[in-house]
Amino acid sequence: MNKTYRIELDDFDLGQLLDGMEIRAEAWEKTADYHRTGESPPDFIVEECNNAEEAGAIASHYRGIIAKIRKQMEAQS
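None of the values given here were measured: they were computed from a predicted structure.

Residues Tyr 5, Ile 7, Leu 9 and Leu 17 make up a contiguous nonpolar surface patch of about 450 Å² in total accessible area. If you trace the backbone, Leu 9 turns up in the segment before helix 1 (11-37). Taking relative accessible area as the criterion, Leu 9 reaches 42% and is therefore assigned partly exposed.

The structure is reproduced here in structure tokens:
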């Protein structure tokens, strides 16, 4: 069973965390696009994975985490 953690951050640190999560999600989305099309932006390094489905699943996981954090932020605003 997964353990749940409660972590307290100020609004600046939480913003930094979300920015980092967004960057990682975008990297995996671009990696999925690369696997689908064979093309990537010139300044982009493709993440290591087996295929577009795996990259897409990882991107979705990041997006899910981001959504959970944003929902909790809104509940506390």
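Between its terminal C-alpha atoms helix 2 (residues 52-76) stretches 36 Å, which fits the 36 Å expected from 25 residues at 1.5 Å a residue. At its buried positions, helix 2 is contacted by helix 1. One side-chain oxygen of the residue at the start of helix 2 lies 3.1 Å from the amide nitrogen of Glu 53, identifying that residue as Asn 51.

Parameters at a glance
- Throughout, a residue's number is its position along its own chain's written sequence, starting from 1.
- Two thresholds apply to this predicted model, a pLDDT of at least 70 for residue-level local features and 80 or more for giving and counting side-chain atom pairs, whereas whole-chain, interface and lining totals are computed over all residues.
- Heavy atoms throughout the structure, all of them, feed into the side-chain values; hydrogens and water do not.
- Each patch is assembled from residues with relative accessible area greater than 30% and no salt bridge, linking like charges that lie within 9 Å and nonpolar side chains (Val, Leu, Ile, Met, Phe, Trp, Tyr) that lie within 5 Å.
- Surface accessibility in these figures is a Shrake-Rupley result with a 1.4 Å probe; residues are shielded only by whichever protein chains are displayed.
- Any Lys or Arg side-chain nitrogen found within 4 Å of a carboxyl oxygen on Asp or Glu counts as a salt bridge.
- The helix and strand labels rest on DSSP assignments: H or I over at least four residues marks a helix, E over at least two residues marks a strand, and numbering proceeds from the N terminus.
- For every residue, the accessible area (1.4 Å probe, protein chains only) is compared with the maximum for its type, and the residue is labelled buried under 20%, exposed over 50%, or partly exposed between those bounds.
- Multiplying 1.5 Å by the helix residue count minus one yields the expected span of that helix.
- Throughout, a contact is declared for two residues whenever any of their heavy atoms are within 4.5 Å.
- What qualifies as a polar contact is a pair of N or O atoms within 3.5 Å, subject to a donor-acceptor requirement within protein and to the restriction that residues adjacent in sequence count only when both atoms come from side chains.

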